[in-house]
Amino acid sequence: MDDRTPPLLVHNGEGFLLERFPLGTRVVYPPEALPPVRDVDEAIQNALLNPLESEPLPELLRAGMRLTIAFDDISIPLPPMKKPDIRQRIIEAVLELAAQAGVDDVELISANALHRRLTPNELRDIVGERVFRSFFPDGKLYNFDAEDSANLTHLGQTKHGEDVEISKRAAESDLLVYVNVNLVAMDGGHKSTSIGLASYKSLKHHHNSHTMIHSRSFMDHKASKMHHSAWRMGEVLTQHVKVFQIETTLNNDIFGGPLEFLQKREWEWSLKDQASMLGTKRALAAAPSKLRHKIFTDVRSTYGLTGVHAGKIEPVHDKTLENVHRQHMVEVQGQSDVAIMGVPFIGPYNVNSVMNPILAACMGLGYYFNSYRGNPVVRKDGAVILYHPVDYEFSQLHHPSYVDFFEEVLAESTDPATIEAKFEKQYAEDPWYIHLYRTSYAYHGVHPFYMWYWISHALDHCGDIVWVGANRKTVERMGFRSASTLSDALEMVSHSVGRSPSITYLHNPPHLLADVR
Amino acid sequence: MMLALEMYRSPAKFLAAKAVGGRIPGILTGPAAPLRLVTINEPKAERPGWARIRPILSGICGSDLGMVTGSTKLYFSAVVSLPFVPGHEIVGELLDDCEDLPKGTRVVMDSVLTCEARGVELCENCVSGNTNRCDRITVGHVAPGLQTGFCQDTGGGWGNMLVAHRSQLYAVPEALTNERAVLVEPLAGAVHAALRAKVQPGQSVLVSGAGAVGLFATLALRELTQAGRITVVAKHPKQRELARAFGASDVVAPDEVFRGVRRSTGAFRLKPDFGAGEFLLGGVDVAVDAVGSKDSIDTVLRVTKAGGRVVLSGMPASGADLSPVWFRELEVTGTYASAREEPNGRPAFETALELAGRAPLDGIVGARYPLYRWREALDHAHSAGRLGTVKVAFDVRAS
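Residues numbered from 1 in each chain as written. Chains lettered and ligands numbered in written order. Predicted model: local features only at pLDDT ≥ 70, side-chain atom pairs only at ≥ 80, totals over all residues. Heavy atoms only, no water.

## Notes on the interface of chain B and chain A
To be explicit about the condition: Here, two residues are considered to be in contact whenever any of their heavy atoms come within 4.5 Å of each other. The buried area of a pairing is the accessible area, by a 1.4 Å probe, that goes missing from both parts when the two are put together, added over both. Salt bridge, as applied in this entry: a Lys or Arg side-chain nitrogen positioned within 4 Å of an Asp or Glu carboxyl oxygen. Under the rule applied, a polar contact is a pair of N or O atoms within 3.5 Å (in protein, one hydrogen donor and one hydrogen acceptor; residues adjacent in sequence only if both atoms are side-chain atoms). Numbering of helices and strands runs from the N terminus, with a helix taken as a DSSP run of H or I at least four residues long and a strand as a DSSP run of E at least two residues long. As a working rule, the residues Ala, Val, Leu, Ile, Met, Phe, Trp, Tyr, Cys and Pro are called nonpolar, Asp, Glu, Lys and Arg charged, and the rest polar, with Gly in that last group.
Each side of the interface is counted separately: chain B has eight residues, and chain A has 10 residues. At the boundary of chain B with chain A, total buried surface from both sides reaches about 970 Å², with 46% on carbon and sulfur atoms. Considering only the side of chain B, the residues that lose the most area to chain A are Arg259, Arg263 and Phe268 of chain B, jointly responsible for 59% of the buried surface there. Linking chain B with chain A are five salt bridges, by the criterion used here. On inspection of chain B and its partner chain A, the count reaches six residue pairs in polar contact (both at pLDDT 80 or more). Broken down by secondary-structure element, the contributors of at least two residues to the side of chain B that touches chain A are helix H10 (257-265) and strand S11 (268-270) of chain B. Sort the elements by how many residues they give to the side of chain B that touches chain A and H10 of chain B lands first, with three residues. The residue inventory of the side of chain B that touches chain A, partitioned by class, reads two nonpolar, one polar and five charged.

Written out as structure tokens, the structure reads:
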């Protein structure tokens, strides 16, 4: 920031604002969108026919076999993709090859682990009308149910004693094809099958406060304890199940049409961009909250495909990471005293829903804070300043256990290890939450705990966490502080970072991965 | 002659009190209250077994406030005799020898005026020790009155003197302070409620309300039963603190009851159509209503599991939805005062005296007023929860 820098756009829930940062603030922008693959269908065919360290897919298919296709659920990409979804294109290509090989026994599973079930319409959006109509009515396209003990198989334990329990159908298939969308470097690899199709019994080995706090960062699977565990489980899993992994990477082309200005740098805004920004900002401010919510829920992105790779999990994932890093990585020289982040309207767990206070915290302190490689953007005991209204707003349909977690658990403690020891089991085994997870569209009872563990590294690392413009009560319940303005927030953290701190503003979304050197 | 507060017959004031209910306590304890400070003749203790008592401290109970605010049902008009001196939670000093109790003994009083006190042949309930269910509370040589404090002849704790029968009296151990002793009567009621609740080992209990009745019920449930999780519904910060001190496992706000009980019991929570109140499938094994309001009773009926037990400990309001009683086959039980022969084989007062000696009751009597400051006292009692007070009492000796 210098004297000539215009006010910068900051995402702030279902809206955004223009903020003038202190002079000298370092702004980290996400990289420009990479050029997309021109012929997507050709790229998919090429990946299926020329896989990495695997026979071509047609050679793995034969009549009479059991084929299971698992795919990433609605939590990615963010925002959802304009139709046709890349998963649809891949699934259709796989099914065509399967049909040519005479494979009759095919089932499609949304690998939602402990996420909520997808509604029929949401499934249709992912797999497309043709696949939906062919499989859904016969019960061959469905959500994974981590509480359906009759349909889970325990494949064994890792050398660290971690249980590997996954979908029985997937475990007993002759071939498991996994269709992944890699929006950020955290996804894909062994995380796909050994987490997406796993039960609580498996997940608790790595989704816990100890593992999460030592996962530095989630975006680097070689430095993340969670990923180490998933990789160990993947080894066990692939000893029993033949997995054909298909991973895709997307570019940063998130906001198009009237929202295109959101992914440009402010000083590059044309008059049209400025007009769009002002019009959108004012319209959003004037719109009733329901309409505002609908506007953001309806956003669909025009992502371009930057790569598709298939074959054995590890080499496929290496290629994927190359692409993701090429798209997201930004070199950042040194840590700063303060990191500033705007939390936008959407996160992985509130698609078609509400970003409740815990999800807002997870988005800011779990995802954005951890969007680094090497070291966090903010120094140890530095301050993080976040923007989001953090309203007391919960979806009883999607997040029933979150309400109780917020009211009951956080009232007692905000320390991840303490709440894990005292409350996690109760919530994980609560019959009401299990009932809602299995029959309604609720996240599993234990899910808010995972969201809280997700922020444990930030809680441990940061000296101060202040939210600008947030609901004071909700923020206090989570153990944070709120300020009305950025100046107030900087004043509040001055006791730990001084009056002239070095400041970095992470200008996302679109996504970025700070490579802090 | 003695100074006393007297409840008298005044249809106009009664109607005024009923009309404004508990909404404007300043008016109720002011010109609209059917209560007055008077100098009247002292009650006489002429029959064998009766003695005079000079109250030291006399508590203000919810039922006393109910009378003043007109929320007491007309049902009870047949079992009181106006005018009377209210006050049934007392610790006082005997002014006469009373059978085995010598003059000067500090006593507390089981206020129910049973057959024995009335000098009539014992009714079936009195014979069996269920003295609080006495059927003869309107006959005998004492004017009609379900308890001392509602009877024209006996006087009450809100006056400088009252009379009581030996069967009503319990000597106070020397170590027990007056501030603790004045709580023995409501504690005895809580002992009775806890035992009537028939809580089995490990059963979950909800206590709705954290006024004196609810807090003491929580204490008694924790002390006298092997209840598992006890959840208390408390509105105010001090009440929440005390509920925990008295043995609550969880404390929830009134608008969190369904969430809290559902969480602690793993029940299913259902929301009917058209704004009808939600309810649980599953829930607590036993619920104790210590408020008596329609909302509170509705709530306890809706969060008790099928076949569970609901104990009405507060004086109940009308208009509660009884659908759950039918649909969930609930067992609804009332508890009134306390009995001489409780299920543990002892008078509730004996158990209560022991509890009063060892429970964390210091500070529970949060304010003391002389009789002539009665308007302030009743105002304070009316807003006790909000003001962080559990029990307001008259300091009769200072009057």
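## Structural notes on the packing of aromatic side chains
Residue and element names in this part refer to chain A. Selection rule: Stacked, edge-to-face and tilted labels apply to pairs of Phe, Tyr and Trp rings (six-membered ring for Trp) whose centres lie within 6.5 Å, assigned for plane angles under 30 degrees, over 60, and everything in between, in that order. Whether a residue is buried, partly exposed or exposed follows from its accessible area with a 1.4 Å probe, protein chains only, as a fraction of its type maximum: under 20%, in between, or over 50%, in that order.
In the structure shown here, the tally under the stated rule is 28 aromatic pairs over all chains. Pairing Tyr349 with Tyr367 gives two aromatic rings, centres 6.3 Å apart and planes at 55 degrees, and the pair type is tilted. Residue Tyr349 is located in the loop between strand S13 (336-342) and helix H14 (357-368), and its partner Tyr367 is located in helix H14; the two are separated by 18 residues in the primary sequence. Here Tyr349 matches Tyr367 in class, with each residue buried.

## Some thoughts on the pattern of salt bridges
Counting across every chain of the model gives 54 salt bridges over all chains. As a salt-bridge pair, Arg169 of chain A and Glu107 of chain A come within 3.5 Å of each other at their nearest N and O atoms. Of this pair, Arg169 of chain A sits in helix H6 (residues 168-171) while Glu107 of chain A sits in strand S5 (residues 105-111), and the two are 62 residues apart along the sequence. With respect to burial, Arg169 of chain A and Glu107 of chain A carry one shared label: buried. A salt bridge links Arg262 of chain B to Asp404 of chain A, with the shortest nitrogen-to-oxygen separation between them at 3.7 Å. With Arg262 of chain B in helix H10 and Asp404 of chain A in helix H15 (residues 400-412), this residue pair bridges two chains. Several salt bridges share partner residues, and in doing so they unite Asp404, Glu408 and Asp430 of chain A together with Glu256, Arg259, Arg262 and Arg263 of chain B into one network.

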